[in-house]
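For reference, the chains in residue letters:
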Amino acid sequence: MPAFPRRRALSLAASAVTAVLAVSLTACGGDGDGKSEGAGGKGRVTVRIAYQEIPNADLVVKDRKLLEQALPDADVKWVKFDSGGDVNTAVIAGSVDFGLAGSSPVTKGLSAPLNIPYKVLWIHDLIGDNEALVARGGITDIKQLAGKKVATPFGSTAHYSLLAALQGAGVDPAKVNVIDLQPQDALAAWKRGDIDAAYTWTPTLGELEKDGKVLVTSRQLADQGKRTADLGVVTNKFAKDHPEVVTAWLKAEDQAVKLAKSDPAQAAASIAKQLNISPADAETQLKQLVLLDAAEQTGADYLGTPGAPGKLAQNLHDAAVFLKSQQKIDAVPDASVFAAALAAEELSRARG
């Protein structure tokens, strides 16, 4: 999920490097312009999508091939990533066109020194009980984490929420040994007894909860004004060159969200296949998120409308202020930067 900046502006964890290599090997269009020039496919648009294993409607789009159906003349390629920080790395490398990243990594991406030229097209979900801080060994309060080892993916929404939770509890983050681990690596470290706590998301979260205690959830932090979300982004260049693809992508996501709301069992069946879990577990995890359809996302609290950017821009700006206070970004961009990054016009166009 959904990510805030890494400790060094462009330092790459091994997982990020691996992710970029994976995309480079699987994504077509060697000229990097979104076109495939391979035999038999000259002139076809290649749509390269970075996704994450998060139980939201994006997995429904993937599983039901909604975008492929809408774009029969395009080559749609889905590439899995473990965190929004890795998605940012792939975007910088020119390896993907669309991506799912948490509000934290998107804030980082729009801030110095990254200044990634992309825009926010969609809110995949508002993060709730599917992301949480879990501790072990008799730790029952956030204050007890001082001097302990806590894992979270750096640059992720979980990282942001961990810092917010520590700050809210009056714990200096410098007094906590925060370790950069992706969800599966955190689970392995947990089983070995190498860490005392982890802030992560489902499905890994469910495994930690079996013998750990939840100290705080992202839903609780949202109620305290620290809202996080998983966002859909598209590069400015791709959006300009292929507006018809952007429209099709938005309509597919909206269709999937409406299915999840009207028939959650059907949506959960698709999510279950993608995550290799039971439909019952998928439906439970789906309910932990707040999904918004296109009409709802045009509301003032979210992306807004052309000429009237929604409050999501302010949320991202507030997050940047927090990040700067934690020395995770170089500077806080002007609020207008985040307002300009909301693709309200593209969303409005997709609604017709």
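As the structure is a computational prediction, the values presented were derived from the model and not from experiment.

A.B. asks: Help me get a handle on the overall build of the protein chain, residues and values and all.
C.D. replies: The helix and strand tally for the protein chain stands at 17 helices and 13 strands. For the protein chain, the accessible surface area stands at approximately 14,000 Å², while carbon and sulfur atoms represent 49% of it.

A.B. asks: So what's going on with the nonpolar core? Which residues, and what values?
C.D. replies: Counting 76 residues, the largest nonpolar core has Val47, Leu67, Phe98, Leu121 and Ile123 as the members making the most contacts within it. For this core, the element with the most residues is helix 11 (residues 243-262), which contributes 10 residues. With residues up to four places along the chain from it excluded, the contact list for Ile123 reads Ala229, Asp230, Leu231, Leu292, Gln297, Tyr302, Leu303 and Leu312.

A.B. asks: Before we move on, can you summarise the pairing of strand 8 (residues 177-180) with the specific residues and values?
C.D. replies: The pairing of strand 7 (residues 149-152) with strand 8 spans four bridges and is classified as parallel. Looking at the pairing, Thr152 lines up with Asp180 of strand 8. For the crossover from strand 7 across helix 6 (residues 157-168) to strand 8, the handedness is right-handed.

A.B. asks: Summarise the sheet that holds strand 7; cite the residues concerned and give the values.
C.D. replies: Strand order in this open sheet of five strands is 8-7-9-6-10, and the pairing throughout is mixed. Each end of this open sheet is capped by a strand with a single partner; those strands are strand 8 and strand 10 (213-217). Across the sheet, the mean angle separating the axes of adjacent strands is 25 degrees when strand polarity is ignored. Here five bridges tie strand 6 (residues 131-135) to strand 9 (residues 197-201), and the two strands are oriented antiparallel to one another. Directly across from Glu131, in strand 9, lies its bridge partner Trp201. On top of the sheet, helix 6 reaches strand 6, strand 7, strand 8, strand 9 and strand 10; it is set at about 135 degrees to strand 9, its chief contact.

A.B. asks: Provide a residue-level description of the packing of helix 11 against helix 17 (residues 344-351), including the pertinent values.
C.D. replies: Contact geometry of helix 11 with helix 17 gives a least axis separation of 9 Å together with a crossing angle of 70 degrees. Between helix 11 and helix 17, the crossing angle belongs to the class labelled roughly perpendicular. Contacts from Pro243, Val246, Thr247, Leu250 and Lys251 of helix 11 reach helix 17 at Glu346, Leu347, Arg349 and Ala350.

A.B. asks: Help me get a handle on the packing of aromatic side chains, residues and values and all.
C.D. replies: Using the criterion set out here, one finds four aromatic pairs in the structure. For the pair Phe98 and Trp249, a centre-to-centre distance of 5.2 Å together with 15 degrees between the ring planes defines the contact as stacked. Separated by 151 residues along the polypeptide, Phe98 in strand 4 (residues 98-102) and Trp249 in helix 11 bring together distant segments of the chain. Since its relative accessible area comes to 1%, Phe98 is described here as buried. Trp249 gets classed as buried once you look at its relative accessible area, which sits at 3%. An angle of 85 degrees between the planes, with centres 5.2 Å apart, marks the rings of Tyr160 and Phe322 as edge-to-face. You can see Tyr160 sitting in helix 6 and its partner Phe322 sitting in helix 15 (residues 312-325), a full 162 residues away along the chain. Pair check on accessibility: Tyr160 and Phe322 agree, each one buried. Among the aromatic residues, those joined into a cluster by ring pairs are Phe98, Phe238 and Trp249.

A.B. asks: Can you explain the environment of Gln69? Please cite residues and give values.
C.D. replies: The topology assignment puts Gln69 in helix 3 (residues 66-70). In this structure, the C-alpha to C-alpha distance between Gln69 and Ala248, residues 179 residues apart in sequence, is 9.7 Å.

A.B. asks: Explain the pattern of salt bridges to me, using residue names and the numbers behind them.
C.D. replies: Any two side chains of opposite charge can pair, on the condition that their charged atoms come close. For the structure on display, the rule yields 12 salt bridges. One salt bridge in this structure joins Asp82 and Lys80, with 3.8 Å as the shortest N-O distance. Residue classification places Lys80 among the partly exposed positions, given a relative accessible area of 40%. For the salt bridge of Lys258 with Asp254, the shortest nitrogen-to-oxygen distance reads 3.1 Å. Taken together, the positions of Lys258 and Asp254, both in helix 11 and four residues apart, correspond to about one turn of that helix. For Lys258, a relative accessible area of 44% translates into the label partly exposed. The exposure class assigned to Asp254 is buried, which follows from its relative accessible area of 12%.

Here is what the cut-offs are and how they apply
- Residues numbered from 1 in each chain as written.
- Predicted model: local features only at pLDDT ≥ 70, side-chain atom pairs only at ≥ 80, totals over all residues.
- Heavy atoms only, no water.
- Helix = DSSP H or I, 4+ residues; strand = E, 2+ residues; numbered from the N terminus.
- Areas by Shrake-Rupley, 256 points an atom, 1.4 Å probe, with all protein chains shown as cover.
- Core = buried A, V, L, I, M, F, W, Y, C linked by side-chain atoms within 4.5 Å.
- Buried < 20%, exposed > 50% of the residue type's maximum accessible area, 1.4 Å probe, protein only.
- Contact = heavy atoms within 4.5 Å.
- Pairing = 2+ DSSP bridges.
- Right-handed = clockwise from strand over helix to strand, strands pointing away.
- Axes fitted to C-alpha atoms, helices over the stretch in contact; angles between N-to-C directions.
- Parallel < 35°, antiparallel > 145°, perpendicular 65-115°, else oblique.
- Phe/Tyr/Trp six-rings, centres within 6.5 Å; stacked < 30°, edge-to-face > 60°.
- Salt bridge = Lys/Arg side-chain N within 4 Å of Asp/Glu carboxyl O.

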